[in-house]
Amino acid sequence: MRFAKPERFRTIRKAIASLFFCFALASACFSQVPVILKVEPPSWWLGSTVNPVRLMITGRNLTGARAQTLGRGLRVVGAQITNARGSYLFMDVWIAPNAQPGQKQIMITAPGGSTNASFEILAPLGRPGRFQGFSPADVMYLIMIDRFADGDKTNNDPPQSKGLYDRGNKFYYHGGDLQGVIDHLPYLKDLGVTALWLTPWYDNYDHPNDIELKEGKPSTGFHGYNPQDFYKVEEHFGSLATLRQLVDMAHRSGIKIIQDEVANHTGPYHSWVTDPPTSTWFNGTKEHHLNNVFQTWVLHDPRPVEDLKRATMEGWFLDFLPDLNQNDPEVARYLIQNTLWWIGVTGLDGIRMDTWQYVPNNFWHEWTMALKREYPNFTVVGEVKDGDVVHTSYFQGGRVRDGADSGLDSLLDFPLFYPIRHAFAESKKLDEVPKTLAKDYLYTNPNILVTLLGGHDDGRFMSEEGATIAGLKLANAFVMTARGVPQLYYGDEIAMTGPDEPTTRADFPGGFPGDQRNAFTKEGRTREEQDVFDYVRKVAHLHAKLEPLKRGSLVNLYVSEWQYAYARTTKESVVLVAINNDSKPVVITFEVSPAGLANGMRLVDRLGASGNLQVENGKLSVSLPSRSAAIFVQK
Ligand SMILES: [Ca+2]
Ligand SMILES: [Ca+2]
Ligand SMILES: [Ca+2]
């Protein structure tokens, strides 16, 4: 009996071995069964200008797959293409005009078997109050979603991306989310905001980023600019349902939503990097690519050094952000549909496009055409971060550049941003501002440019050397009365500080659990913060009330080193603005006939800096205290 034990063990071992053999055999038999991991886009709506819709199905064992729709309303049309690794299947699906909305099934049959993929046909969202586009009638407000307000504590440390939440770390998630924005819509409405630009809400990577070290340590994608899934909402920010709710509730408050998009690159950990859908999906590969040299001046050079141009257009940002190849038709189609999808499923109103200049104009032409075909009122602002009007204006649509008309409506007005900072933050001479505006003739439409005094990629206004509350007020008065679409940066209305990129993205006080005070309320603001808040609110509301500030032509009336006076005029009315950036009070006298103001006309300053005035001998004499602005309207 003593030998029975080893005998029994041998039997068990044999049994286990044969079991393994069976498993191995089974997995060999079934390993070729197609598996569907993702369908992009996952849905589309009836009555779209895009029909058929190009589907990209991500999966396994798709080599040689054929697709066939089950049921009515959806039809696979044209050829189906799979890649050699069997990880992607491209096909067109046509939505019947009389299709019933709902989930549809597509049967995918490959040599190893069949499986189903789901695709939803949606009823289109109603047009009134949606897809509105932004205009100079708006006051835009930029929110960094992670840093504004935490409205849902349950998504702060989600299971799929545990450990990225740390309010003590400038480069980690702080808990801000879409619900936090919803919760503060009344605050924004009260401030006078009519359009929200939200930093990207795409799903970013779920683990620390040890490719892009910040201060020597791993960072995270809290800023949203490193997508790992272009069709998902970042789990730290909420869900697609929350996003839809945000868009609807904002619209009910008279606030538009502007999505921040990225079409130049993906995040460094996107699954495409190791398994690209086509061989030309990216410009280069992870191992072999150009490093971006940022020589953007060659982009408008009529005789560009081609190597420099190529390294600027196709180089990977910082050597690790995979550069999408928009000249690959599948990439172009993917990006165009992705843009339309976010608009179509949420009803949002505008787009701020990141890194505009690093993407070819022939692609932008197709992209904006598709956008305007579906949503004619929609508007787009492109980020071309450059202080030179010659350079920046090159990228505005309305004329052919580099072989195509990009169709781009608007640009962030960085050429005006720097003079605004110099004059109002650093208390330098003011005439750099009108001298920059004098170059407006280079733009196809300067009136739609987005003017700003702060943003998430620059240190805060109040952290510039020499910045004062008086200067901050002047900058606000200027951007909300000059031509363009004024854009505010969250927290500038309470004079938040932060000298560099990470600190400029600090948490809004009161937006987060455990905050010492709540600066969203008057009680929670310091006297100085309240002073700035009241001023910004006042000029924002004047912008809303006074038609010329929204639609008027800009007429220059007086320029000196330290003073600037201009009018905004419509056929019906005039608003006159006078700014004294000097540290001394001043009286300036100037002709007002170019603004159509007649003798005897009485004017009152809505900001209360200057006394009431009367036009005499075709002139006005305006008395302005040190560092002050006046907004005159007819009495
Ligand atoms: Ca949260
Ligand atoms: Ca994520
Ligand atoms: Ca590029």
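All told, the structure shown has 36 salt bridges when counted by the stated rule. The closest approach of N and O atoms between aspartate 492 and arginine 460, which form a salt bridge, is 2.9 Å. Of this pair, aspartate 492 sits in the loop between β20 (485-489) and α13 (527-545) while arginine 460 sits in the loop between β19 (450-452) and α12 (469-479), placing them 32 residues apart in sequence. For arginine 460, a relative accessible area of 1% translates into the label buried. Note that aspartate 582 is salt-bridged to lysine 584, the shortest N-O span being 3.6 Å. Overall, the relative accessible area of 13% leaves aspartate 582 in the buried class.

The next point concerns the confidence of the model for the protein chain. Put simply, the protein chain has an average pLDDT of 95, and 95% of its residues get 70 or more. Ignoring residues within four places in sequence, the model shows residues 1-7, a span with pLDDT below 50, making zero contacts including any to other chains.

An order of β21-β22-β23-β28-β25-β26 is seen for the six strands of this open sheet, with the pairing classed as antiparallel. Both outer strands of the open sheet, β21 (553-559) and β26 (613-614), are each paired with one neighbouring strand and no more. Direction of pairing for strand β23 (residues 574-580) relative to strand β28 (residues 628-634): antiparallel, over a ladder of six bridges. Within β28, the residue paired with valine 577 across the bridge is isoleucine 631.

Our focus in this paragraph is the environment of alanine 79. Its place among the elements puts alanine 79 in strand β5 (residues 74-82). Alanine 79 sits in the exposed class, given a relative accessible area of 56%. Every residue in contact with alanine 79, bar those within four places of it in the chain, is listed here: Arg54, Phe90 and Met91.

Listed as protein donors to the calcium ion (ligand 1) are Asp150 (OD), Asp152 (O), Asn155 (OD1), Asn156 (OD1), Gly175 (O) and Asp177 (OD); their distances from the metal cover 2.3 to 2.5 Å. Coordination at the calcium ion (ligand 1) is irregular, judged from the six donor atoms that bind it and the angles of 64 to 175° they form at the metal.

Inspection of the entire model under this criterion finds 42 aromatic pairs. Ring plane angle 65° and centroid distance 6.1 Å describe the contact between tyrosine 173 and phenylalanine 237, whose orientation is recorded as edge-to-face. Of the two residues, tyrosine 173 sits in the loop between α2 (145-148) and α3 (178-183) while phenylalanine 237 sits in the loop between β14 (227-233) and α5 (240-252), which places them 64 residues apart along the sequence. The same class applies to tyrosine 173 as to phenylalanine 237, namely buried. Seen in terms of ring centroids, tyrosine 375 and phenylalanine 378 are 6.3 Å apart; in terms of plane orientation they differ by 45°. Their pairing is tilted. A connected cluster of aromatic rings, assembled from ring pairs, spans Phe90, Trp201, Tyr202, Phe230, Tyr231, Trp272, Trp281, Tyr334, Trp341 and Trp342. Across the ring face of tyrosine 490, the terminal group of arginine 460 is positioned such that the distance to the ring centre comes to 4.8 Å.

Here eight strands make up an open sheet; going across it, the order is β18-β17-β16-β15-β10-β9-β20-β19 and the pairing parallel. The sheet terminates laterally at β18 (410-411) and β19, the two strands that pair on one side only. Pairing of strand β17 (residues 379-382) with β18 involves two bridges; the strand directions are parallel. Paired with glycine 382 across the bridge in β18 is leucine 411.

This part is about the coordination of the calcium ion (ligand 2). Protein-derived coordination of the calcium ion (ligand 2) comes from Asp203 (OD), Asn204 (O), Asp206 (OD), Glu234 (OE), Glu235 (OE) and Glu235 (OE), at a distance range of 2.3 to 2.6 Å. Relative to the metal, the six donor atoms surrounding the calcium ion (ligand 2) lie at angles of 51 to 161°, and the coordination shape comes out irregular. The sequence motif formed by the donor residues of the calcium ion (ligand 2) is D-N-x1-D-x27-E-E. Here glutamate 235 lies in the loop between β14 and α5 and aspartate 206 lies in the loop between β11 (202-204) and β12 (209-214), a separation of 29 residues in the sequence. On the basis of relative accessible area, aspartate 206 is assigned to the buried category, the value being 18%.

Let us look at the pairing of strand β16 (residues 350-353). The side-chain alternation of β16 yields two buried faces, one formed by Gly350 and Arg352 and the other by Ile351 and Met353. The pairing of β16 with β17 spans four bridges and is parallel. If you follow isoleucine 351 over to β17, its bridge partner there is valine 380. A crossover links β16 with its parallel partner β17, the connecting element being helix α8 (residues 361-374), and its sense is right-handed.

What follows deals with α13. Taking 1.5 Å as the rise per residue, α13 with 19 residues should run 27 Å; its terminal C-alpha atoms sit 27 Å apart, in good agreement. Within the sequence span of α13, burial applies to Glu529, Gln530, Val532, Phe533, Tyr535, Val536, Val539, Ala540, Leu542 and His543. Residues of α13 that are buried make contact with α4 (185-191), α12, β20, α14 (547-551) and β28.

Moving on, we come to the packing of helix α7 (residues 329-346) against α8. The N-to-C vectors of α7 and α8 enclose an angle of 30°; their axes lie 10 Å apart at closest approach. In terms of orientation, α7 lies roughly parallel with respect to α8. Where α7 crosses over α8, the handedness of that crossing is right-handed. Each of Ala332, Leu335, Ile336, Thr339, Leu340 and Ile343 in α7 lies in contact with α8, whose residues at this interface are Phe363, Glu366, Trp367, Ala370, Leu371 and Glu374. Class assignment for the residues of the contact of α7 with α8 results in nine nonpolar, one polar and two charged.

Thresholds applied
Residues numbered from 1 in each chain as written. Chains lettered and ligands numbered in written order. Predicted model: local features only at pLDDT ≥ 70, side-chain atom pairs only at ≥ 80, totals over all residues. Heavy atoms only, no water. Salt bridge = Lys/Arg side-chain N within 4 Å of Asp/Glu carboxyl O. Helix = DSSP H or I, 4+ residues; strand = E, 2+ residues; numbered from the N terminus. Buried < 20%, exposed > 50% of the residue type's maximum accessible area, 1.4 Å probe, protein only. pLDDT = per-residue confidence, 0-100. Contact = heavy atoms within 4.5 Å. Pairing = 2+ DSSP bridges. Donors = N, O, S within 2.8 Å, 3.2 Å for Na, K, Ca; no water. Tetrahedral: all angles 85-135°; square planar, octahedral: opposite > 155°, others 65-115°. Phe/Tyr/Trp six-rings, centres within 6.5 Å; stacked < 30°, edge-to-face > 60°. Lys NZ or Arg CZ within 6 Å of the ring centre and 35° of its normal. Right-handed = clockwise from strand over helix to strand, strands pointing away. Expected span 1.5 Å × (residues − 1). Axes fitted to C-alpha atoms, helices over the stretch in contact; angles between N-to-C directions. Parallel < 35°, antiparallel > 145°, perpendicular 65-115°, else oblique. Left-handed = near helix turned anticlockwise from the far one by under 90°. Nonpolar A, V, L, I, M, F, W, Y, C, P; charged D, E, K, R; others polar.

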